[in-house]
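Coordinate analysis (summary)
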Amino acid sequence: MSCLALSLQPINGSDILLQTREWFPPARALVALSSFRQTRLAFAAGKHPFTEDGDSSLGDDPLAASSGQVIVGVESKYRVVYRLVNSIYILGITTIDDDCVNNVFECISIVNQAVSVLVTACRGVDVTAEKLSKKYTEIYMALDLVLRGVSNIRLGAMLASMHGDSVAKMMHSSIQTESRIRGADKWSNVEIHSIEHEGGVELFSRAIFELPRETLEAGDEVVATLSMSGPGQTTELGQQQKAEEVEVEDPFAASDALNKPEELVGAFKKDKDQSSDLTKALADLEVTTLPPPAATESTHIGVEGFEGNYGGIEFGNEGSTLPEDFEGLNQAWGGGLDASEFVGPKKVAKSQGLGGLELLQTGSEPLSSATTGGTAATPLENLLVKKTEMKGPEMYILEEISTEFRESLLARVGLMGVVYLKTLPPKSSDDKETEFSFKIEGTSGVKRLIIQSSRVSSLGSGMFHLKTTPSNEPVPIMTYSLLPRLTPVPLRVRLIKRHSGTLLSIMIQYVSNPNLPAPLNDITFVLKLPVDPTLLKVTPKAILNRSLKELKWIVKEIPLNGGPGRLRAQMPVDSSEDGGEEIEVFGYVKFSAQGDKSLSGFSLQPASEGNKDFYEVNHRYESGIYMCN
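Residues numbered from 1 in each chain as written. Predicted model: local features only at pLDDT ≥ 70, side-chain atom pairs only at ≥ 80, totals over all residues. Heavy atoms only, no water.

With that settled, the discussion passes to the overall build of the protein chain. When its secondary structure is counted, the protein chain shows 13 helices and 27 strands. Counting over 629 residues, the protein chain shows a buried share of 28%. Of the accessible surface of the protein chain, which amounts to about 42,500 Å², a share of 53% is contributed by carbon and sulfur atoms. (Helix = DSSP H or I, 4+ residues; strand = E, 2+ residues; numbered from the N terminus. Buried < 20%, exposed > 50% of the residue type's maximum accessible area, 1.4 Å probe, protein only. Areas by Shrake-Rupley, 256 points an atom, 1.4 Å probe, with all protein chains shown as cover.)

Turning our attention to the sheet that holds strand β13 (residues 456-460). The antiparallel open sheet is built from four strands, whose spatial order is β13-β14-β11-β25. Two strands close off the open sheet at either side, each with one partner strand: β13 and β25 (603-606). Direction aside, neighbouring strands of the sheet carry axes that sit 35° apart on average. In this sheet, strand β14 (residues 463-468) lies alongside strand β11 (residues 434-441) in antiparallel orientation, the contact comprising six bridges. Within β14, the residue paired with K439 across the bridge is M463. (Pairing = 2+ DSSP bridges. Axes fitted to C-alpha atoms, helices over the stretch in contact; angles between N-to-C directions.)

This paragraph deals with the environment of S133. Topologically, S133 is positioned in helix α3 (residues 129-134). Residue classification places S133 among the partly exposed positions, given a relative accessible area of 48%. Of note is the side chain of S133, whose polar atom sits 2.6 Å from the backbone oxygen of E130. (Polar contact = N/O pair within 3.5 Å; in protein donor to acceptor, adjacent residues only side chain to side chain.)

The next thing to look at is helix α2 (residues 104-121). Compared with an ideal rise of 1.5 Å per residue, which puts 18 residues at 26 Å, α2 spans 26 Å between its outermost C-alpha atoms and is within 8% of the ideal. Every buried residue belonging to α2 is among V104, C107, I110, V111, Q113, A114, V115, V117, L118 and A121, and all of these are buried. Positive phi shows up at R123, right after α2, with a value of about 55°. (Expected span 1.5 Å × (residues − 1).)

Moving on, we get to the pattern of salt bridges. One pass over the structure, following the stated rule, counts eleven salt bridges. For D126, the salt bridge goes to K131, with nearest N and O atoms at 3.5 Å. The salt bridge partner of K439 is E441, with a shortest N-O separation of 4.0 Å. Judged by relative accessible area, K439 falls into the partly exposed class, the value being 27%. With relative accessibility at 35%, the residue E441 sits in the partly exposed group. Taken together, the shared-partner salt bridges in this structure form one network comprising E22, D144 and R148. (Salt bridge = Lys/Arg side-chain N within 4 Å of Asp/Glu carboxyl O.)

Glancing now at the packing of α2 against helix α4 (residues 136-148). Interaxial distance between α2 and α4 falls to 10 Å at its minimum, and their mutual angle equals 160°. As far as their axial angle goes, α4 and α2 are roughly antiparallel. Crossing of α2 over α4 shows right-handed handedness. Across the interface between the two elements, I110, Q113, A114, V117, L118 and A121 of α2 pack against I139, A142, L143, V146 and L147 of α4. (Parallel < 35°, antiparallel > 145°, perpendicular 65-115°, else oblique. Left-handed = near helix turned anticlockwise from the far one by under 90°. Contact = heavy atoms within 4.5 Å.)

Once that is clear, we can look at α4. Over its 13 residues, α4 runs 19 Å from end to end, which matches the ideal 18 Å to within 8%, given 1.5 Å per residue. Of all the positions in α4, only E138, I139, A142, L143, D144, L145, V146 and L147 are classed as buried. Phi for G149, located one or two positions after α4, is positive at around 100°.

On to the nonpolar core. Counting 54 residues, the largest nonpolar core has F438, L491, F525 and L527 as its most contacted members. What L491 contacts, discounting residues up to four positions off in sequence, is F405, Y510, V511, S512, L520, I523, F525, I558, V589 and Y626. Ranked by size, the runner-up nonpolar core spans 31 residues in total, among them L6, C107, L159 and M162. (Core = buried A, V, L, I, M, F, W, Y, C linked by side-chain atoms within 4.5 Å.)

Another point: the sheet that holds strand β22 (residues 565-572). Sheet architecture is open: four strands sit in the order β16-β17-β22-β19, paired in antiparallel fashion. Edge positions in the open sheet fall to β16 (491-500) and β19 (537-539), since each of these has one partner strand only. Averaged over all pairs of adjacent strands, the angle between their axes in this sheet comes to 10°, without regard to strand direction.

Our next topic: the side chain of N513. Mapping N513 onto the fold places it in the loop between β17 (503-512) and β18 (520-528). Relative accessible area serves as the criterion here: at 18%, N513 is assigned to the buried category. In terms of polar contacts, N513 uses its side chain to reach the backbone carbonyl oxygen of V489, at 3.1 Å. Apart from the residues within four sequence positions on either side, N513 is in contact with V489, P490 and L560.

Bringing a negative patch on the surface into the picture now. Taken together, the side chains of E214, E217, D220 and E221 make up a negatively charged region of the molecular surface. Relative to the helices and strands, D220 is located in helix α8 (residues 213-227). By relative accessible area, D220 is classed as exposed at 53%. (Patch = residues over 30% accessible without salt bridge, like charges linked within 9 Å, V, L, I, M, F, W, Y side chains within 5 Å. Lys, Arg positive; Asp, Glu negative; His and termini not counted. Charge placed at Lys NZ, Arg CZ, Asp CG, Glu CD.)

Relative to β17, β16 runs antiparallel, the two being bridged by ten bridges. Bridging across to β17, R494 finds its partner in Q509. Between the antiparallel neighbours β16 and β17 lie two residues, among them G501 with a positive phi of about 70°.

What follows is about the packing of aromatic side chains. Scanning the entire structure with this criterion turns up 15 aromatic pairs. The interplanar angle of 75° and the centroid separation of 6.4 Å between the aromatic rings of F438 and F614 together place this pair among those described as edge-to-face. Taken together, the residues span a long stretch of sequence, with F438 in strand β11 and F614 in the loop between β25 and β26 (615-616) at a distance of 176 residues. There is no split in this pair, since F438 and F614 are both buried. Both rings, one in Y480 and one in F602, keep their centres 4.2 Å apart while their planes meet at 15°; by these two values the pair is stacked. With Y480 in strand β15 (residues 475-482) and F602 in the loop between β24 (592-595) and β25, the pair connects residues that are 122 residues apart, well separated along the chain. (Phe/Tyr/Trp six-rings, centres within 6.5 Å; stacked < 30°, edge-to-face > 60°.)

It is worth spelling out the confidence of the model for the protein chain at this point. Within the protein chain, residue pLDDT values average 75, and 64% of them lie at 70 or more. Of all the helices and strands in the protein chain, strand β3 (residues 57-58) carries the lowest mean pLDDT, 44, while β18 carries the highest, 93. Across residues 325-344, confidence stays below pLDDT 50; counting only partners more than four residues off in sequence or on other chains, it has 15 contacts. pLDDT under 50 marks residues 353-377. Its contacts with residues more than four places away, or in other chains, come to 13 contacts. (pLDDT = per-residue confidence, 0-100.)

Another point: the packing of α2 against helix α5 (residues 152-160). Running from N to C, α2 and α5 point in directions that differ by 15°, and their axes come no closer than 10 Å. When the axes of α2 and α5 are compared, the pair comes out roughly parallel. Considering only the axes of α2 and α5, their crossing is right-handed. Residues Q113, S116, V117 and T120 of α2 form the contact with α5, whose participating residues are N152, L155 and L159. Considering only residue class, the contact of α2 with α5 consists of three nonpolar, four polar and no charged. (Nonpolar A, V, L, I, M, F, W, Y, C, P; charged D, E, K, R; others polar.)

Have a look at this one:
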């Protein structure tokens, strides 16, 4: 802070004006002005005391010249920079900068700008208290801007509009005038470019660049062409590579054929039937003898401790080495999450063949059934997933519940259910229509029921008749909603917010409905934050998404008869409690469950006992807009 206050003090009389910064109390400024007046009068009467340090006042003869600076005060000392214009002192008050923190020259510059304001307001150097009172408003507002710091261009624009223009124009048009003088564009002209730039950055940050499907298919075709190439093409490529290597080699180097034994040079003669008869081509191939059976047995290395056997690895001579086996070890003290731990350490027996050499006799013809194992390819989905065959039409209920909690009170609630029909596939049903009758129960809380008239017709007394064509996808045939007062709430949630100072504390309490058929699992709590927190403290651990400004907890299970659970978060915010603007915080809950009964008690029954026209599979209910605020 270079200058704390500006003041106008006449030679005779009381002070005319005092302008201070927000954090500098006016009472201390008045004390400094009073001390300056006493010092000035003492110097004028020749009664100033002798100071031990000659630095308490600066200048040849303090207060005798028209400008200078002096240190005033006894306990709280201040440095006062002054200039005398006619009969008015312009004073700038600042602290003593013994540690060279404050720049006294900046305070002198502010005082000089204040002198320019007074000379302009009085239309000359004849500055008097009467002339200042006529332009008191303009001077007060101009000195307020000068105290906070203005450039010379803005000061010139202010002084030019002091006479003849309004005070508002002098205050607000100076910024635009400075931009115009400097040659800068108006913000209204360049704002559109800023908006386009921010929009482009946001668009590219969300864009996902992927290769087109046509490019990937073209690449697959090229790979398939290369893999299906015959030995003739392979030989041509090999000859081209050898020709390139010959070109790179030193032309003055000796030939490698001189160092080779004579029998190896002419041992293998070119045979035209080599590609068709592999037995003749491999007749002279020497095969090394196998090692004894004891040498081929695998070696097991185990780790045992106080708690038992922690597991180990098993390696042998079938191509893998000890470093390779240790690099592939991914079990953390008895087992990890890798699927390879469900496979035994023994290596899978390889199919009997020549290890890829059988492709030499195929030429450019397509692969035979021998290379593919002689059996038709089995889809991977059928190997991993065992599909249960449908015995008949299946029906199930999907319910979606939406609630809104305000504090601990339930403000709104609604449940909508949909009955789905899954028929036999068209191939297995020979395109025959599915036709049967059923009835519904547990409809005491149903508010509205809608049926799809093209497939379902009502027979009265809660009985319905269904007739539809087969389909591969589940078909909705009935929709219903419940009365709010009879809607069961699976989870009660309460959001508590405390804002003290700049610290915001949030807590979410939750408890399960003890009448649920089974406990809820994998529940997600999402808390929308008002700001992107710089510091955050959560209990228990949570996931923070800064781009969406949300905090996420995942609770594995909520017991039916357990106590209320708590999720806490604490963060600092910029606005204080007394700011008047209330911080809005709200949360969402996401869950789903399935079982043999629906949440609302709505059930499907056959039209007559003992008649099994359809099968009722697991029902499902999930959260819609489940929020708390």
